[in-house]
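The chain contents come next:
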Amino acid sequence: MDDTRPLPADPTRVGVRDVARVAGVSTQTVSRVINEHPNIRPETRDRVLQAIAALGYRVNNAARTLGTRTTRTLGVIASDATLYGPAVGIAALEAAARHAGRWIATAYSDASDEASVRDAADRLLGQGVDGLIVLAPHAATLTALTGAHPGVAIAALHTGPGAEQQEAGAALAISHLIEFGHRRIGRVAGPEEWLEARSREAGMRRALEGAGLEAEPHWSGDWTAAAGAGLAGRVAAAVRAPGGPTAVAAANDQMALGLIAGLREAGVDVPGDVSIVGFDDNPDAAFYRPALTTVGLDLAGEARRAVAAVLGERPSAAGAPRLVVRASTAPPR
């Protein structure tokens, strides 16, 4: 019998039957389209999707979960979200998940505390997420997490191919300084326990050793501009010493920013006395004084790779790191 009931005036009250009636299909067909069943003719799928759009129908995710055993949600464990890298990483993962027809749920933890990371994972898994992505992890906590949840799909944004991109980007920064003529190049590394910091440090050392250059002097900080500023006195003393560095590569832009400010206070000119290169291509880097030479990664591509890994799909390769040359680097005097 034909259903001639009027459509609800309130879109929130539109149901599957309303969509089916407008599309001219059964309610079972509408459910199959919503749940992305593969055996649906393209023209039928298009008709249902057009009806959904016309009616403003909103999919009940809880109901779909009961039928498909998936929440279409990925869990993201993040830490230090006040830093530029983790903050943009979350945004990139959200965009990549949305592109894959998924959402993200984020839980924050202390990356240096295994119990905190495990608690964050337990909270997300309690919500029925379809997998976990760990953002900027510490090595020990990532190992503990995978060991605690062997049946859960887990990926990290900066491991595997992501780590290779980190290394390649760091090597690119050093190569730029070498091409400018620098032969004494210092480094400001990130915290050793961070996988991201280890990859960047490995890339810098590889480029230096490959050119037959010393891998010293070396300092380390905690990713913050304050850490870079705090190192400025020691870096200034090294620059002024005989045979001191003529360039310094920092593991991220924020430490480079603090270092440049601290060197200015110490009377060291950048790039006249020492060139500085950063990493991350922070949007503010162009407005530092001097504008910061840095390396950018295809973070959107890395996020798509991590999402694909969790979903068990074949990931596409991320774009190569790119060097952004600005005023903070110059040939040595």
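Source: prediction; values computed, not measured.

### What about the overall build of the protein chain?
Line of reasoning, step 1. Looking only at helices and strands, the protein chain features 12 helices and 10 strands.
Line of reasoning, step 2. Whereas a compact globule of 333 residues would reach a radius of gyration of roughly 20 Å, the protein chain reaches 25 Å, over 25% beyond that.
Line of reasoning, step 3. Referenced to the eigenvectors of the C-alpha coordinate spread, the extents of the protein chain come out at roughly 95 × 40 × 35 Å.
Line of reasoning, step 4. Considering the protein chain as a whole, with its 333 residues, one finds that 50% of them fall into the buried category.
Line of reasoning, step 5. For the protein chain, restricting intrachain contacts to residue pairs at least 6 apart in sequence, the fraction spanning at least 24 positions comes to 72%.
Line of reasoning, step 6. Accessible area for the protein chain stands at about 15600 Å²; split by element, carbon and sulfur atoms hold 51% of it.
Line of reasoning, step 7. Within the protein chain, the 36 negative side-chain charges are centred at a point lying 7 Å from the centre of the 33 positive side-chain charges.

### Thoughts on the pairing of strand β7 (residues 247–250)
Successive side chains on a regular strand alternate, one facing one side of the sheet and the next facing the other.
Line of reasoning, step 1. In β7, alternate side chains face the same way, and those of Ala247 and Ala249 on one face and Val248 and Ala250 on the other are all buried.
Line of reasoning, step 2. Where β7 and strand β8 (residues 275–277) come together, 3 bridges link them in parallel fashion. Counterpart to Ala247 in the pairing with β8 is Ser275.
Line of reasoning, step 3. Running through helix α11 (residues 253–265), the crossover from β7 to the neighbouring parallel element β8 is right-handed.

### Description of the sheet that holds strand β6 (residues 218–220)
Line of reasoning, step 1. Sheet architecture is open: 4 strands sit in the order β6-β5-β7-β8, paired in parallel fashion. The open sheet is flanked by β6 and β8, the only strands paired with a single partner. Taken pair by pair, the neighbouring strands of this sheet meet at an average axis angle of 20°, ignoring direction.
Line of reasoning, step 2. Here α11 sits on the sheet in contact with β5 (185–189), β7 and β8, set at roughly 160° to β8.

### What to know about the pattern of salt bridges
Line of reasoning, step 1. Applying the stated rule across the entire model yields 13 salt bridges.
Line of reasoning, step 2. For Arg187, the salt bridge goes to Glu201, with nearest N and O atoms at 2.6 Å. Linking Arg187 in strand β5 with Glu201 in helix α9 (residues 195–210), this pair joins segments that are 14 residues apart in sequence.
Line of reasoning, step 3. The exposure class assigned to Arg187 is buried, which follows from its relative accessible area of 1%.

### Brief notes about helix α1 (residues 16–23)
Line of reasoning, step 1. Residues of α1 that are buried include every one of Asp18, Val19, Ala20 and Ala23, and no others.
Line of reasoning, step 2. In this structure, the buried side of α1 is in contact with α2 (27–34) and α3 (42–55).

### Examining the nonpolar core
Line of reasoning, step 1. Within the largest apolar cluster, 27 residues are counted, with the highest numbers of intra-cluster contacts made by Val188, Val235, Val248, Leu259, Leu263, Val274 and Ile276.
Line of reasoning, step 2. Secondary-structure elements contributing two or more residues to this core are α10 (225–240), β7 and α11.
Line of reasoning, step 3. Among the elements that take part in this core, α10 stands out by supplying 6 residues, more than any other.
Line of reasoning, step 4. With residues near it in sequence (within four places) discarded, Val235 still touches Trp219, Val248, Leu259 and Leu263.

### Notes on the packing of aromatic side chains
Line of reasoning, step 1. According to the stated counting rule, one finds 1 aromatic pair in the structure shown.
Line of reasoning, step 2. With a centroid separation of 5.8 Å and 70° between ring planes, the pair formed by Trp194 and Trp223 is classed as edge-to-face. Linking Trp194 in the loop between β5 and α9 with Trp223 in the loop between β6 and α10, this pair joins segments that are 29 residues apart in sequence. In this structure, Trp194 and Trp223 share a single accessibility class: buried.

Criteria and thresholds
Counting restarts for each chain, with residues numbered from 1 along the sequence as it is written. Since the coordinates come from a predicted model, pLDDT governs what is reported: local features require at least 70, and pairs of side-chain atoms require 80 or more to be given and counted, while whole-chain, interface and lining totals use all residues. To obtain the side-chain values, all non-hydrogen atoms of the structure were included, while hydrogens and water were left out. Each helix corresponds to a stretch of at least 4 residues labelled H or I by DSSP, and each strand to a stretch of at least 2 residues labelled E; elements are numbered beginning at the N terminus. The quantity called the radius of gyration is restricted to C-alpha atoms. Its globule counterpart is 2.2 Å times the number of residues to the power 0.38. Categorising residues by exposure relies on relative accessible area from a 1.4 Å probe, with only protein chains included: less than 20% of the type maximum marks a residue as buried, more than 50% marks it as exposed, and the intermediate range marks it as partly exposed. Residue contacts are defined here by distance: any two heavy atoms, one from each residue, within 4.5 Å place the two residues in contact. Only the protein chains shown count as cover for residues, with accessible areas throughout obtained via the Shrake-Rupley method and a probe of 1.4 Å. Charge convention: Lys and Arg are scored as positive, Asp and Glu as negative, and His as well as the terminal groups of each chain are ignored. To locate a charge, take NZ of a lysine, CZ of an arginine, CG of an aspartate or CD of a glutamate. Should DSSP find at least two bridges between two strands, the strands are regarded as paired. The handedness of a crossover follows from its direction of travel: if, with the strands pointing away from the viewer, the path from the first strand over the helix to the second runs clockwise, the crossover is right-handed. Here, axes are lines fitted to C-alpha atoms. For helices the fit covers the stretch in contact, and angles between N-to-C directions go from 0 to 180 degrees. Each reported salt bridge corresponds to a side-chain nitrogen of Lys or Arg within 4 Å of a carboxyl oxygen of Asp or Glu. Here, nonpolar core refers to any group of buried Ala, Val, Leu, Ile, Met, Phe, Trp, Tyr and Cys residues whose side-chain atoms link them within 4.5 Å. Here is the rule: rings of Phe, Tyr and Trp (six-membered ring for Trp) pair when centre to centre is within 6.5 Å. Planes less than 30 degrees apart are stacked, more than 60 are edge-to-face, and the remainder are tilted.

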